[in-house]
Amino acid sequence: MVQDRPVSPTRERLSTAGKATRLGLTAVLGGLLLAGTVVGQDDAFPFGPFRMYSTTDSLDAPVKSTRMEAVDTAGRRFALRGEEVGLRRAEIEGQLGRFRDDPRRLGGVATAYRNRHPDGPGLARIEIITRHFALDGGRPTGQHHDTVDVAWTPR
Amino acid sequence: MMNWFFAPVPLGRVAALRTLAYAFVPIDLFLLTPWVLPHKDVPGELYRPLLIGRLLHLPTPSFWLVVGVCVALTGCALVAATGRAPRLLGTAVFVLYFEWMIVAMSYGKVDHDRIGFLVLLAVLPTIGRARWGDTETLSERAGWAMRVTQIAVVCTYFLAAWAKLRFGGIEWLNGATLTRAVLRRGTFLSDWTVQVPFLLVAFQWFIVAFELSSPAVLFIRSERLRTRVVAGFYAFHVMVYGAITIAFWPHLVAMASFLPLERVRPIVWIRTRRQQRAERRQGEVSVPRSP
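Fair warning: this is a prediction, and the values are worked out from it, not measured in the lab.

Asker: Help me out: how do you make sense of the interface of chain B and chain A in this one?
Answerer: The extent of an interface is frequently quoted as the accessible surface area lost upon association of the parts. Taken together, the contact pairs 76 residues of chain B with 64 residues of chain A. Buried area between chain B and chain A, summed over both chains or domains, comes out near 6500 Å², and the portion from carbon and sulfur atoms is 61%. Run the count over chain B and chain A and you get six salt bridges. Between the two partners, chain B and chain A, sit 22 residue pairs in polar contact (both at pLDDT 80 or more). Looking at the side of chain B that touches chain A, the elements with two or more residues in it are α1 (2–5), α3 (51–55), α5 (86–105), α6 (115–123), β2 (137–139), α7 (140–168), α8 (177–185) and α12 (266–286) of chain B. Here the side of chain B that touches chain A gets 14 residues from one element, more than from any other, and that element is α7(B). Two strands pair when backbone bridges link them, and strand β1 (residues 10–12) of chain A and β2(B) are joined in this way by three bridges, in the parallel orientation. Bridge assignment links A:E12 to a residue of β2(B), and that residue is B:S139.

Below, the structure written as structure tokens:
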């Protein structure tokens, strides 16, 4: 390895055209990013708004947590975790409205389960369950209850 | 303004950042976001194409598309990490990683930690060759690439504050968003915080203040001070990770564009140390022994 010699630094300059192109690109992408934040939705990825944790939650409204449960054709009931169907919990929550509108769409989740477990029994029932944690002044009261949002069985 | 946009940067910084960014890609694929690859098993009816997917008529991800992108991306990124063919491989990594992101974000959930890293991958191929440890060639090309990456990183903070006002309203500051986050994802380090009145609300004020003031880091001239401020940014993310085990890994890689990475020379350090140790040992041997 050659040691760094004390040489005066050389400067690599950009042509005026090179600078203009780069400034133009910066302006266009910056404009898209700003537009995404002002009027865009997640759909505009990668220029959508940075809305992580951006919604306001009331200190007294219950906190919801979604999960899936399944019954396989052997009659075993178990918690259906995201990785077993190739989807994250947030993705199930993101499509919850579509599943509610048409529970048959959960058939796709059953297909994904079969793709990932080709040798085991298939699914005879899928439920999306929401747990509501009660809050009082922003603090959990320790009470909760579950509701089944969507249920699917093969026809 | 022009000087600020194109403030020259040593090419050694680009070489180091290239290795960091491209080596990060397989780590991201297999360790940090291992949930993307399983989309290969999800039937097309659950694919919800994003605007960009619809505009570009991108295909619905199939088993072989997802596996193919994964293999090609891993291969290109590993070779690119060595600094070879920076324009060709860099462009390939950007295009493949972008498609990987489409596969990741098109099933009902979009993540918001990618823009800085995507910008970094997009601009790295524009710089051309760069040698590790090169502190003598100052490049305006590299200066612009680092600057736009930094801007994207800062936008992630600043525009996140804007999004909070847009979606949550000013009430966000006094709401229960963090309480909800800790209830859902809390750890032993953070679970106690929901029981302390006003603590999480105070932290919400802190977050917005931090996000709104983050652009200042773009204008710090002293490298020493800038490095310290950016270290503070990293500390913020360590704290968030401890509290809710969420880390914006690609964002954290892109943020390294603020740091004087050309001075980080792990291989040279190991070599020098080994050499010194060898010399010391030689010195011991050459001491004449009395019979």
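What follows picks up the thread again.
Asker: Before we go on, may I ask you to explain the packing of aromatic side chains in this structure?
Answerer: Given two aromatic rings, their pairing is described by the distance between the two centres and the angle made by the two planes. Residues and elements named next belong to chain B. For the structure shown, the criterion picks out 17 aromatic pairs over all chains. Pairing W4 with F219 gives two aromatic rings, centres 5.1 Å apart and planes at 15°, and the pair type is stacked. With W4 in helix α1 and F219 in the loop between α9 (199–213) and α10 (223–244), this residue pair connects regions lying 215 residues apart in the sequence. F219 gets classed as exposed once you look at its relative accessible area, which sits at 51%. On the basis of an interplanar angle of 50° and a centroid distance of 6.0 Å, the ring pair of F94 and F98 is categorised as tilted. In this pair, F94 and F98 are both assigned in helix α5, four residues apart and thus about one turn of the helix distant.

Asker: What's the story with the pattern of salt bridges in this structure? I'm lost.
Answerer: Residue and element names in this part refer to chain B. All chains considered together, the criterion is met by 26 salt bridges over all chains. A salt bridge links R13 to E262; the shortest N-O distance between them is 2.9 Å. Of this pair, R13 sits in helix α2 (residues 11–32) while E262 sits in the loop between α11 (249–255) and α12, and the two are 249 residues apart along the sequence. Given a relative accessible area of 6%, R13 falls into the buried group.

Conventions used here
Residue numbers restart at each chain and count upward from 1, following the sequence in its written direction. Throughout, the order in which chains and ligands are written sets their labels, letters from A for the former and numbers from 1 for the latter. Note on the predicted model: pLDDT of at least 70 is required for a residue's local features to be given, and 80 or more for side-chain atom pairs to be given and counted; whole-chain, interface and lining totals, by contrast, use all residues. Note that the side-chain values use all heavy atoms of the structure and ignore hydrogens as well as water. Contacts are assigned to residue pairs that have any heavy atoms within 4.5 Å of one another. Buried area is a sum: the accessible area each of two parts loses on coming together, probed at 1.4 Å, counted once for each and added. Basic side-chain nitrogens of Lys or Arg form a salt bridge, by our definition, when they fall within 4 Å of a carboxyl oxygen of Asp or Glu. Here a polar contact is recorded for every N or O atom pair within 3.5 Å, except that within protein the pair must consist of a potential hydrogen donor and a potential acceptor, and residues adjacent in sequence are included only if both atoms are side-chain atoms. Strands are runs of DSSP state E lasting at least two residues, helices are runs of H or I lasting at least four, and both sets are numbered from the N terminus onward. When DSSP finds at least two bridges between two strands, those strands are taken to pair. Between rings of Phe, Tyr and Trp, where Trp is taken as its six-membered ring, a pair exists when centres lie within 6.5 Å; planes separated by under 30 degrees are stacked, by over 60 edge-to-face, and by other angles tilted. To sort residues, take the accessible area from a 1.4 Å probe on protein chains only and compare it with the maximum for the residue type: under 20% means buried, over 50% means exposed, and anything in between is partly exposed.

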